[in-house]
Amino acid sequence: MSFARVRALVVVGVLAVAAVVFVVVTLFRDTQRGSTGGGCPPGAPLADIRLPNDPAVVKIKVYNGTSKADLAEQVTNEFANRRFVVDKPGKSKTKVEGVAEIRYGPDTVGKAQLLNAYFLAQSTMVYNAKRKGDVVDIIIGDKFQALATTTEVNQSLGAEGEPTLPPGACLKPVTETTEPDTE
């Protein structure tokens, strides 16, 4: 055996021993051992961050936050045509200067992000940890022009990524499917 082969075998042997030592040290010095991962403080809201597969499971109420007449009715009809469940439109007491304001609670985090994609992520997201129910409020603002197309919504969802937990909230455990099968 040549000197080069012996040297290569020694180097490979030393690397193998170092890898075994590294793995053993990592396993025995693990500081997360025994943790359950359920570090949710008592009373913290449980947030549902799942993006819905079907707009028919998203309930919305549209408000007009502008001085334009019948804008909430027009947007409500557009959402209804896209298979969303819509409540009767209303008039907002506050004016919105941006595109829209989306108000939601822990039960509708994923649904609110889907709706934000219909405004190309240009809306202001307003989370309220104490809000109950499954209705998302949308206040249309002065800079609103039109809802996004299906392609634009998909691109916006891809750019935004997965919904994240709001501050102070914990992940709601998924126990059953609440969305209808679309197969």
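Figured I'd write up the structure that's included with this text. Keep in mind the model is a prediction, meaning the values are calculated, not measured.

Basis of the calculations
- Residues numbered from 1 in each chain as written.
- Predicted model: local features only at pLDDT ≥ 70, side-chain atom pairs only at ≥ 80, totals over all residues.
- Heavy atoms only, no water.
- Helix = DSSP H or I, 4+ residues; strand = E, 2+ residues; numbered from the N terminus.
- Rg over C-alpha atoms; globule rule 2.2 N^0.38 Å.
- Buried < 20%, exposed > 50% of the residue type's maximum accessible area, 1.4 Å probe, protein only.
- Contact = heavy atoms within 4.5 Å.
- Areas by Shrake-Rupley, 256 points an atom, 1.4 Å probe, with all protein chains shown as cover.
- Lys, Arg positive; Asp, Glu negative; His and termini not counted.
- Charge placed at Lys NZ, Arg CZ, Asp CG, Glu CD.
- Disulfide = S-S within 2.5 Å.
- Patch = residues over 30% accessible without salt bridge, like charges linked within 9 Å, V, L, I, M, F, W, Y side chains within 5 Å.
- Salt bridge = Lys/Arg side-chain N within 4 Å of Asp/Glu carboxyl O.
- Core = buried A, V, L, I, M, F, W, Y, C linked by side-chain atoms within 4.5 Å.
- Pairing = 2+ DSSP bridges.
- Right-handed = clockwise from strand over helix to strand, strands pointing away.

Some words on the overall build of the protein chain
In step 1: When helices and strands are tallied, the protein chain shows four helices and eight strands.
In step 2: Mapped in sequence order, the helices and strands of the protein chain form the string α-β-β-α-β-β-β-α-β-β-α-β.
In step 3: Taking 2.2 N^0.38 as the reference for a compact globule, 183 residues should give roughly 16 Å; the C-alpha atoms of the protein chain span a radius of gyration of 25 Å, well beyond that estimate.
In step 4: Expressed along its principal axes, the backbone C-alpha trace of the protein chain runs to roughly 90 × 40 × 40 Å.
In step 5: Every one of the 183 residues in the protein chain was classed for burial, and the buried ones make up 33%.
In step 6: Pairs at least 24 apart in sequence give 79% of the contacts found in the protein chain among residues at least 6 apart.
In step 7: Accessible surface, the protein chain: about 12,000 Å² in total, of which carbon and sulfur atoms supply 56%.
In step 8: Side chains of the protein chain carry 21 positive and 20 negative charges; the gap between the two charge centres is 7 Å.

Notes on the state of the cysteines
In step 1: In this structure the tally under the stated criterion is one disulfide.
In step 2: Between C40 and C170 runs a disulfide, and the two sulfur atoms are separated by 2.0 Å. Handedness here is read from the sign of the S-S torsion; for C40 and C170, about 110 degrees, the answer is right-handed. Taken as a pair, C40 in the loop between α1 (3-28) and β1 (46-47) and C170 in strand β8 (residues 170-171) lie far apart in primary sequence, 130 residues in all.
In step 3: For C170, a relative accessible area of 11% puts it in the buried group.

Some thoughts on a nonpolar patch on the surface
In step 1: A cluster of nonpolar side chains, contributed by V20, F22, V23, V24, L27 and F28, occupies part of the molecular surface with about 640 Å² of accessible area.
In step 2: By the secondary structure assignment, F28 is in helix α1.

Concerning the environment of T124
In step 1: Mapped onto the fold, T124 is located in strand β6 (residues 124-127).
In step 2: Using a relative accessible area of 44% as the deciding quantity, one classes T124 as partly exposed.
In step 3: Residues T124 and R103 lie 21 residues apart in sequence; the distance between their C-alpha atoms is 8.5 Å.
In step 4: Discounting chain neighbours no more than four positions away, the residues touching T124 are A100, E101 and I102.

Quick notes on the nonpolar core
Looking at soluble globular proteins, one finds that nonpolar side chains tend to be buried together.
In step 1: Counting residues in hydrophobic clusters, the biggest one holds 30 residues, and the most contacted among them are I60, F79, L115, F119 and I138.
In step 2: Of all the elements in the fold, those that place two or more residues in this core are β2 (59-64), α2 (71-81), β5 (100-104), α3 (109-117), β7 (135-140) and α4 (150-160).
In step 3: Among the elements that line this core, the one with the most residues is α3, at five residues.
In step 4: Setting aside its immediate chain neighbours within four residues, I138 contacts I60, K61, V62, Y63, F79, A100, E101, I102, L115 and F119.

Here we look at the pairing of β6
In step 1: Of the pairings in the sheet, the one linking β5 to β6 comprises four bridges and is parallel in character. If you follow Y104 over to β6, its bridge partner there is Y127.
In step 2: In this view, the connection linking β5 to its parallel neighbour β6 by way of α3 has right-handed handedness.

Some points on α3
In step 1: Taking burial as the measure, the nine residues of α3 include nine buried ones, the bulk of the element.
In step 2: Taken together, the buried positions of α3 are occupied by V109, G110, K111, A112, Q113, L114, L115, N116 and A117.

Notes on the pattern of salt bridges
In step 1: Scanning all chains against the criterion turns up six salt bridges.
In step 2: A salt bridge links R83 to D54, with the shortest nitrogen-to-oxygen separation between them at 2.5 Å. Of this pair, R83 sits in the loop between α2 and β3 (85-86) while D54 is found in the loop between β1 and β2, placing the two residues 29 residues apart along the sequence.
In step 3: According to the relative accessible area criterion, D54 is buried, its value standing at 6%.

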